[in-house]
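Residue-level listing of the chains:
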Amino acid sequence: MFKLYWEYMAGSIVAQAMLEEMGAEYQLFHVDMEAGEHRQEEYLMLNPLGRVPALGLPDGKTIGETAAIVVCLGEYFPQSMLVPQPGEKDRARFLFLLNVMATSGYLTIARWNHPERYALEPDAIRQVEAKSATELDAFFKTMDRQISSQPYMLEQGFSALDIYLTMLTEWPDDRKALFQACPSIKRMVEAVNERPAYQKAMQTHHLPEMAA
Ligand SMILES: N[C@@H](CCC(=O)N[C@@H](CS)C(=O)NCC(=O)O)C(=O)O
């Protein structure tokens, strides 16, 4: 049994969609970040970085970091084909693009959301926010060129990368502009949104007022 520590509209979307795709048994544990639960001792024992998501594994250990969770789940369920295994032809490209999304994608979104963590003066904070928005646009345009006509990122077809990139598109303010600038991402997101596993993850993650 896996344990997924999640928050509304947080990075736990990709982990839940993968658990659903894989038919894994899991329990959900809501971490109320507004109430600061991610900084409390109990959660820090699970993920010392105080970030969501975290995933409790069947062996009793818990890990954080979305990229690590993606790779681990792929090892638990190799038959799911969501993560190319060592020796398979798409493995190197998978690891490359997964790391690009974790660093140039997710971290840029985090910087754009929390520019005050990266500068001291109000003017500098505004500049960090503006620069992060520009970098985010460049990131999505780069990823747009990584999508084939399938419409997925890997030659093998649908993979955890498509779920991850779809999750990243949930967060920008102007999704319409993003999809206009990135037609291949738009096609991929449409395909991922049709999957019951992604729909289930979004049912959990949509803020209650969004679902109403
Ligand atoms: N590098 C982490 C980033 C996770 C992350 O930043 N999660 C956000 C929620 S989407 C969070 O926990 N933010 C709390 C904070 O930054 O204090 C990952 O890839 O999982």
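Residues numbered from 1 in each chain as written. Predicted model: local features only at pLDDT ≥ 70, side-chain atom pairs only at ≥ 80, totals over all residues. Heavy atoms only, no water.

The next subject is the side chain of Asp-144. By secondary structure assignment, the location of Asp-144 is in helix α5 (residues 122-144). Buried within the structure, Asp-144 lacks any salt-bridge partner; Arg-145 is the closest side chain of opposite charge, at an N-O distance of 6.9 Å. The residues touching Asp-144, leaving out its near neighbours within four places in the chain, are Ala-181, Cys-182, Pro-183, Ser-184 and Ile-185. (Helix = DSSP H or I, 4+ residues; strand = E, 2+ residues; numbered from the N terminus. Buried < 20%, exposed > 50% of the residue type's maximum accessible area, 1.4 Å probe, protein only. Lys, Arg positive; Asp, Glu negative; His and termini not counted. Salt bridge = Lys/Arg side-chain N within 4 Å of Asp/Glu carboxyl O. Contact = heavy atoms within 4.5 Å.)

Near the ligand the following residues occur: Ala-10, Gly-11, Met-33, His-38, Arg-51, Val-52, Pro-53, Glu-65, Thr-66, Tyr-106 and Arg-117. Side-chain polar atom of Glu-65 to a nitrogen atom of the ligand: 2.8 Å apart, as the coordinates give it. The separation between an oxygen atom of the ligand and a polar side-chain atom of Thr-66 is 2.8 Å. Protein chains bury 86% of the 510 Å² of accessible surface belonging to the ligand in isolation. Split into classes, the residues belonging to the shell around the ligand amount to 5 nonpolar, 3 polar and 3 charged. (Near = heavy atom within 4 Å. Polar contact = N/O pair within 3.5 Å; in protein donor to acceptor, adjacent residues only side chain to side chain. Areas by Shrake-Rupley, 256 points an atom, 1.4 Å probe, with all protein chains shown as cover. Nonpolar A, V, L, I, M, F, W, Y, C, P; charged D, E, K, R; others polar.)

Partitioning the chain into domains gives domain 1 (2-82) and domain 2 (91-200). On a C-alpha basis, the centres of domain 1 and domain 2 stand 20 Å from each other. Contact residues are listed per partner, giving 19 residues for domain 1 and 19 residues for domain 2. Together domain 1 and domain 2 conceal approximately 1,600 Å² of surface at their shared face, both sides included; 66% is due to carbon and sulfur atoms. Our count for the contact surface shared by domain 1 and domain 2 stands at 2 salt bridges. Summed over the shared surface of domain 1 and domain 2, the number is 5 residue pairs in polar contact (both at pLDDT 80 or more). Elements that contribute at least two residues to the side of domain 1 that touches domain 2 include exactly α1 (12-22) and α3 (66-76). Top contributing element to the side of domain 1 that touches domain 2 by residue count: α1, with 7 residues. A breakdown of the residues in the side of domain 1 that touches domain 2 according to their chemical character gives 13 nonpolar, 3 polar and 3 charged. (Domains from an automatic or database assignment. Buried area = accessible area lost by both parts, 1.4 Å probe.)

Our next topic: the packing of aromatic side chains. According to the stated counting rule, one finds 9 aromatic pairs in the structure shown. With 6.2 Å between their ring centres and 65° between their planes, Tyr-5 and Tyr-43 make a pair best called edge-to-face. Of the two residues, Tyr-5 sits in strand β1 (residues 2-6) while Tyr-43 sits in helix α2 (residues 41-44), which places them 38 residues apart along the sequence. On the basis of relative accessible area, Tyr-43 is assigned to the buried category, the value being 5%. A ring pair is formed by Tyr-106 and Trp-171, whose centres lie 5.2 Å apart and whose planes are at 45°; its orientation type is tilted. Within this pair, whereas Tyr-106 is found in helix α4 (residues 91-113), its partner Trp-171 is found in the loop between α6 (160-168) and α7 (175-181), the two being separated by 65 residues in sequence. A residue is classified by how much of its surface remains accessible, and Trp-171, at 16% relative accessible area, is buried. Among the aromatic residues, ring-to-ring pairing joins Phe-2, Tyr-76 and Phe-77 into one connected group. One residue, Arg-195, lies across the ring of Phe-158, its end atom 3.6 Å from the ring centre. (Phe/Tyr/Trp six-rings, centres within 6.5 Å; stacked < 30°, edge-to-face > 60°. Lys NZ or Arg CZ within 6 Å of the ring centre and 35° of its normal.)

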